[in-house]
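Tertiary structure, described
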Amino acid sequence: MDRADMGTKGSGGACGVCGGRTYLIERQGDRAHARICECSVECKVCGGRGHLLVEQEATFSTKVGPRKYEVLAPCACTLRVKRVARFNEVGLPGVVAHATFDNYVPAKTQQDKARNAALHFAHHYDKKGPNKGFVLSGPVGTGKTHLLGATLAHLVLEVGVATRYVEISLLYATIRRGFQEGKSGGEIIGPLSEVEVLAIDELGKGRGSQFEMETLDELIARRYNANRTTLFATNYSLEPERKATRAVSGYHSTEDAKSALRAEELLRERVGERIYSRLCEMCTFVELPKDTPDHRRTRHELEPRGHHAPAKMRAHR
Ligand SMILES: Nc1ncnc2c1ncn2[C@@H]1O[C@H](COP(=O)(O)OP(=O)(O)OP(=O)(O)O)[C@@H](O)[C@H]1O
Ligand SMILES: [Mg+2]
Ligand SMILES: [Zn+2]
Ligand SMILES: [Zn+2]
């Protein structure tokens, strides 16, 4: 039942609004919010009862042979209601409510790789685990949060996996606020260290204070020790070796000099060896090149002011 298709495609044609998905994801304030599509609010399969009689066959005695009998099983609509409610607890930002794998347009080969890594992860997620996560590294506006959003939406709504999304500096702020209300850091970190799949966005961001480093260390160490899957996005770079070697060997053009990485641009420097080492084991890395176009800017330049496509409801594909 876990990978049960919640769609209506098989039963009388796809809905024009949700494309047969039975749910929609829309922006509601600063959050992405899912709701059941009008076409599926009243369940045509179970008539709203929420369960169905399904026929099963079993052999209880060899003398009698196989016998058919009916059992009560939950209808797909029950699953749908649960998953939609779960999605609304994930914490995905509203700006990526529309994000899907299909509407991610790769301008660079590495973006194609990033999309494939996320798509493969989402479509081949094994609920019995363990699953290796991914780290997406790249400049601003290159669709990293977009891909995290598409991945989590697929996992929650199509596969039935419990996930959470956190933007790292908002997490630090939440914990700090929690302290003022008398909560311990663990009360906030606890559920995040236990959720099946956690996406940490903006890794490396922050002031790098002792409090921040300890919080991140605790969260990642707990997930690492429990063999849980974690996804990351970051603006910091992953691979210093190749470029550094070139510079040292004296073989470098102006381009190399321009793209040479400074220590403060490296994720390893930002999060420290302990965390970086764990990331290497927990995740596959995809790095988008520095010249990957900023989608926010290209969109702005292509569309005259006031003509931005409204962030309206879209079927999740
Ligand atoms: N390759 C792409 N194809 C389609 N839409 C994209 C692509 N890249 C970015 N976008 C859209 O542009 C906006 C910004 O993208 P997103 O927030 O994912 O960027 P980001 O890489 O996370 O940037 P930042 O590093 O600033 O967090 C979103 O609305 C997203 O859907
Ligand atoms: Mg982002
Ligand atoms: Zn519909
Ligand atoms: Zn039903």
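Residues numbered from 1 in each chain as written. Chains lettered and ligands numbered in written order. Predicted model: local features only at pLDDT ≥ 70, side-chain atom pairs only at ≥ 80, totals over all residues. Heavy atoms only, no water.

For the rest of this paragraph, the subject is the coordination of the zinc ion (ligand 3). Around the zinc ion (ligand 3), the protein contributes the donor atoms Cys15 (SG), Cys18 (SG), Cys37 (SG) and Cys39 (SG), at 2.3 Å from the metal centre. Counting gaps between the donor residues of the zinc ion (ligand 3) yields the pattern C-x2-C-x18-C-x1-C. In this pair, Cys18 is assigned in the segment before strand 1 (23-28) and Cys39 in helix 1 (residues 38-41), connecting sequence segments 21 residues apart. Cys39 gets classed as partly exposed once you look at its relative accessible area, which sits at 21%. (Donors = N, O, S within 2.8 Å, 3.2 Å for Na, K, Ca; no water. Helix = DSSP H or I, 4+ residues; strand = E, 2+ residues; numbered from the N terminus. Buried < 20%, exposed > 50% of the residue type's maximum accessible area, 1.4 Å probe, protein only.)

Now for the coordination of the zinc ion (ligand 4). Distances from the zinc ion (ligand 4) to its protein donors, Cys43 (SG), Cys46 (SG), Cys75 (SG) and Cys77 (SG), fall within 2.2 to 2.3 Å. Taken together, the four donor atoms surrounding the zinc ion (ligand 4) define angles of 105 to 115 degrees at the centre, an arrangement classified as tetrahedral. Mapped onto the sequence, the donors of the zinc ion (ligand 4) take the spacing C-x2-C-x28-C-x1-C. Side by side, Cys43 and Cys46 carry an identical accessibility label, which is buried. (Tetrahedral: all angles 85-135°; square planar, octahedral: opposite > 155°, others 65-115°.)

So, on to the site of ligand 1. Val105, Gly141, Lys144, Thr145 and His146 are the nearest of the 19 residues found near ligand 1. Taking Gly141, its main chain carries an N or O atom lying 2.8 Å from an oxygen atom of ligand 1. One of the side-chain nitrogen or oxygen atoms of Arg296 is found 3.1 Å away from an oxygen atom of ligand 1. Here ligand 1 has 630 Å² of accessible area as a free molecule, and 93% of this is covered by the chains. (Near = heavy atom within 4 Å. Polar contact = N/O pair within 3.5 Å; in protein donor to acceptor, adjacent residues only side chain to side chain. Areas by Shrake-Rupley, 256 points an atom, 1.4 Å probe, with all protein chains shown as cover.)

Our focus in this paragraph is the side chain of Asp201. Mapped onto the elements, Asp201 comes out in strand 7 (residues 197-201). Buried Asp201, no salt bridge; nearest opposite-charge side chain is Lys144, N-O distance 6.7 Å. With residues near it in sequence (within four places) discarded, Asp201 still touches Thr145, Leu148, Tyr165, Val166, Glu167, Ile168 and Ala233. (Lys, Arg positive; Asp, Glu negative; His and termini not counted. Salt bridge = Lys/Arg side-chain N within 4 Å of Asp/Glu carboxyl O. Contact = heavy atoms within 4.5 Å.)

We now examine helix 4 (residues 144-159). Across its 16 residues, helix 4 extends 21 Å between first and last C-alpha, which sits within 8% of the 22 Å expected from 1.5 Å per residue. In terms of residue burial, helix 4 counts as a mostly covered element, since 16 of its 16 residues are buried. Within two residues after helix 4, Gly160 carries a phi angle of roughly 85 degrees, on the positive side. (Expected span 1.5 Å × (residues − 1).)

Along strand 6 (residues 163-167), four of the five residues are buried, which leaves the element largely enclosed by surrounding structure. Relative to strand 7, strand 6 runs parallel, the two being bridged by five bridges. Opposite Arg164, over in strand 7, you have Leu198 as the bridge partner. (Pairing = 2+ DSSP bridges.)

What follows concerns the packing of aromatic side chains. According to the stated counting rule, one finds six aromatic pairs in the structure shown. Between Tyr172 and Phe211, the ring centres sit 6.3 Å apart and the planes meet at 65 degrees, which makes this aromatic pair edge-to-face. Placement of the pair is Tyr172 in helix 5 (residues 168-180) and Phe211 in helix 7 (residues 210-225), with a sequence separation of 39 residues. Cluster of aromatic residues (ring-pair linked, three or more members): Phe121, Tyr125 and Phe134. One Lys or Arg, Arg278, reaches over the ring of Tyr224 and ends 5.3 Å from the middle of that ring. (Phe/Tyr/Trp six-rings, centres within 6.5 Å; stacked < 30°, edge-to-face > 60°. Lys NZ or Arg CZ within 6 Å of the ring centre and 35° of its normal.)

A few words now on the side chain of Thr100. Here Thr100 is to be found in the loop between helix 2 (76-87) and helix 3 (109-123). A polar contact of 3.3 Å, which involves the side chain of Thr100, links it to the backbone nitrogen of Asp102.

What follows deals with the nonpolar core. Judged by nonpolar contacts, the single largest core of 37 residues is most densely connected at Ile25, Phe87, Leu92, Leu152 and Leu231. Elements supplying a minimum of two residues to this core: strand 1, strand 2 (31-36), helix 2, helix 3, strand 5 (133-137), helix 4, strand 7 and strand 8 (229-234). No other element matches helix 4, which puts nine residues into this core. Leu152 has contacts with Val90, Leu92, Thr163, Arg164, Tyr165, Val197, Ala199 and Leu231, leaving out every residue within four places of it along the chain. (Core = buried A, V, L, I, M, F, W, Y, C linked by side-chain atoms within 4.5 Å.)

With that settled, consider the sheet that holds strand 9 (residues 283-287). One open sheet accounts for five strands, arranged 6-7-8-5-9; its pairing is parallel. Single-partner strands in this sheet number two, and they are strand 6 and strand 9. For this sheet, the mean angle separating the axes of adjacent strands, direction not counted, is 15 degrees. Taken together, the four bridges between strand 7 and strand 8 define a ladder with parallel strand orientation. Across the sheet, Ala199 pairs through a bridge with Leu231, a residue of strand 8. Of the strands in this sheet, strand 6 and strand 7 touch helix 5, which is tilted by about 90 degrees from strand 6. (Axes fitted to C-alpha atoms, helices over the stretch in contact; angles between N-to-C directions.)

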